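Below are the chains, spelled out letter by letter.
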Amino acid sequence: MKNLRTVITAALVIALSSLGLGAASAAGSTAQHCTGTSGAAVSATRATAQPVTVWLAGDSTMANPGSARCPVGWGSQFDALFTSDVTVRNQAVGGRSIQTWLYEGNVSSTKGSDGECRLTSTAYSARWQAMLNASTGMQAGDYLFIQFGINDSSSTCPRHVGPARYRQLMTTMVQAALARGAHPVLLTPVAAITCSGGTATKNRGFVNETFAVGSATGAPVVDLQSLSVSLYNGLRFCPHNGDYGSGPVGAFFCNDHTHFETYGAQRIAGLVAGDVRRQNLPLAGHLR
């Protein structure tokens, strides 16, 4: 009888152990299944992420190149820094101030009593009208990068723009983007290469005006002037003998110390992307 009880007890222990192992195995299988579903959901979310368009408005230092090898604007190198769900639409045009970019052909060569160039019409340029188009222009979630301030410093019309007018026009552009659910990003003008002995120095205006608009509207500001000058110093471009056609400076700049070769444009585009990441803008999630 005692032996029979021992056998029965052992059988019960084995049966209960088997059930426990089965339950644990089933629980593990369920956990794995749930984990797999979660991963699939994340992958599906990424796969169906909304495409983003980055619109660029600026001058020749940002513009796409023409038929000549130089200049190459940094905006032409921006698209390569993003994943495939981002499209860069570069609407920068050489020689433009913020006013001539907005009112192409409608800015006269005469200044009014306020010291600003008179408009012959308040009709916007075709490029800005296209960007404002409800169907094909800026959409919710898009970005608008705005960089002017180089040609605006001209004392003569039609390019001349005063500080107050500059702030007004940049604010207009920012508000238009915000009204469409797009994200404006302001940039101070990129620096040319000028040296004070062994140090590259800042040489552009409208920096304070750009920051003022950013502060008033909440738009982030990329201080491209400071970033570019720091880069030039890091690359030891100064002191410089004035020969812009050779050496490290010649590989970076066109023969005018202002516009960029392809390599220079790539480095400047990298500065902008780096600051987008540093400021943790949502667009940074699309950088390679």
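Residues numbered from 1 in each chain as written. Predicted model: local features only at pLDDT ≥ 70, side-chain atom pairs only at ≥ 80, totals over all residues. Heavy atoms only, no water.

1. Digging into the overall build of the protein chain
Rules: Runs of H or I in DSSP of at least four residues are treated as helices and runs of E of at least two as strands, each being numbered from the N terminus. Residue contacts are defined here by distance: any two heavy atoms, one from each residue, within 4.5 Å place the two residues in contact. Here the open area of atoms and residues is found with the Shrake-Rupley method and a 1.4 Å probe, where only the protein chains shown may cover a residue.
Regarding its fold elements, the protein chain presents eight helices and nine strands. Long-range pairs, those at least 24 residues apart, make up 69% of the contacts in the protein chain between residues at least 6 apart in sequence. Looking at the protein chain as shown, the accessible area adds up to about 14,300 Å², and 55% of this sits on carbon and sulfur atoms.

2. Thoughts on the sheet that holds strand β1 (residues 52-58)
Stated precisely, the cut-off is as follows: Two strands form a pair only when DSSP identifies at least two bridges running between them. Lines fitted to the C-alpha atoms define the axes, with helices restricted to the stretch that makes contact. Angles between their N-to-C directions range from 0 to 180 degrees.
Reading across from one edge, β2-β1-β5-β6-β9 is the order of the five strands in this open sheet, with parallel pairing throughout. A single partner strand is all that each edge strand has here, and the edge strands are β2 (86-90) and β9 (221-222). Sheet strands in contact with helix α5 (residues 207-217) are β6 (183-187) and β9, and its direction is about 155° off that of β6.

3. So, the state of the cysteines
Convention followed: Two cysteine sulfur atoms form a disulfide, by the criterion used here, when they sit within 2.5 Å.
If you walk through the whole model with that rule in mind, you get three disulfides. Here C70 connects covalently by a disulfide to C254, the sulfurs 1.7 Å from one another. Taking the sign of the S-S torsion, about -90° here, the bridge from C70 to C254 comes out left-handed. With C70 in the loop between β1 and β2 and C254 in the loop between α7 (247-252) and α8 (262-278), this residue pair connects regions lying 184 residues apart in the sequence.

4. Concerning the side chain of T258
What counts, and what does not: Exposure classes here rest on a 1.4 Å probe applied to the protein chains alone. A residue is buried below 20% of its type maximum, exposed above 50%, and partly exposed in between.
Among the structural elements, T258 can be located in the loop between α7 and α8. When its relative accessible area of 15% is taken as the criterion, T258 is described as buried. Those residues in contact with T258, other than ones at most four positions away along the chain, are T61, A192, R204 and F253.

5. Quick look at the side chain of T188
The criterion, for reference: Polar contact is defined as a pair of N or O atoms within 3.5 Å, subject to the rule that within protein one atom must be able to donate a hydrogen and the other to accept it, and that residues adjacent in sequence are counted only when both atoms are side-chain atoms.
Of note, T188 is situated in the loop between β6 and β7 (195-196). Looking at T188, its side chain comes within polar contact range of the main-chain nitrogen of L224, at 2.8 Å. Other than its neighbours up to four places away in sequence, T188 contacts Q147, V207, T210, F211, V221, V222, D223, L224 and Q225.

6. Some points on the packing of helix α6 (residues 224-234) against α8
How we decide: Comment on the angle field: the value is read as roughly parallel under 35 degrees, roughly antiparallel over 145, roughly perpendicular from 65 to 115, and oblique elsewhere. Handedness of each helix crossing follows the sense of rotation of the near helix against the far helix: counterclockwise by less than a right angle gives left-handed, clockwise gives right-handed. Under the grouping applied here, Gly and all other residues not named as nonpolar or charged are polar, the nonpolar ones being Ala, Val, Leu, Ile, Met, Phe, Trp, Tyr, Cys and Pro and the charged ones Asp, Glu, Lys and Arg.
The contact between α6 and α8 brings their axes to 10 Å, and the two run at 125°. One finds that α6 runs oblique with respect to α8. Viewed along their axes, α6 and α8 form a crossing whose handedness is right-handed. For the pair formed by α6 and α8, the contact residues are L224, L227, S228, L231 and Y232 on the first element and R267, I268, L271, V272 and D275 on the second. The residue makeup of the contact of α6 with α8, split by class, is seven nonpolar, one polar and two charged.

7. Quick notes on α5
When α5 is considered as a whole, its buried residues turn out to be V207, E209, T210, V213 and G214. Just beyond α5, the residue with positive phi is G218, at close to 85°.

8. Some remarks on helix α4 (residues 163-179)
Short version of the rule: How far a helix is expected to stretch is found by multiplying one less than its residue total by 1.5 Å.
An ideal rise of 1.5 Å per residue puts 24 Å on 17 residues; α4 measures up with 24 Å between its terminal C-alpha atoms. Trailing α4 by a residue or two, G181 shows a phi angle of about 80°, which is positive.

9. Description of the packing of aromatic side chains
Rule in force here: Centres within 6.5 Å are what make two rings of Phe, Tyr or Trp a pair, Trp counting through its six-membered ring; a difference in plane orientation under 30 degrees is then read as stacked, over 60 as edge-to-face, and the rest as tilted.
The full count for this structure, using the stated rule, is 16 aromatic pairs. With a centroid separation of 5.5 Å and 70° between ring planes, the pair formed by F78 and F145 is classed as edge-to-face. Remark: F145 occurs in strand β5 (residues 143-147) and F78 occurs in the loop between β1 and β2; sequence separation between them is 67 residues. Each member of the pair F78 and F145 is classed as buried.

10. Topic: the pattern of salt bridges
Where we set the bar: Here a salt bridge means any side-chain nitrogen of Lys or Arg lying within 4 Å of a carboxyl oxygen belonging to Asp or Glu.
The tally for this structure, following the rule as stated, stands at four salt bridges. Among the ionic pairs, E261 bridges to R69, the shortest N-O distance being 2.4 Å. Of this pair, E261 sits in the loop between α7 and α8 while R69 sits in the loop between β1 and β2, and the two are 192 residues apart along the sequence. A network of salt bridges, in which partner residues are shared, links R96, E104 and R127.

Any functional reading would require information beyond the geometric quantities listed.
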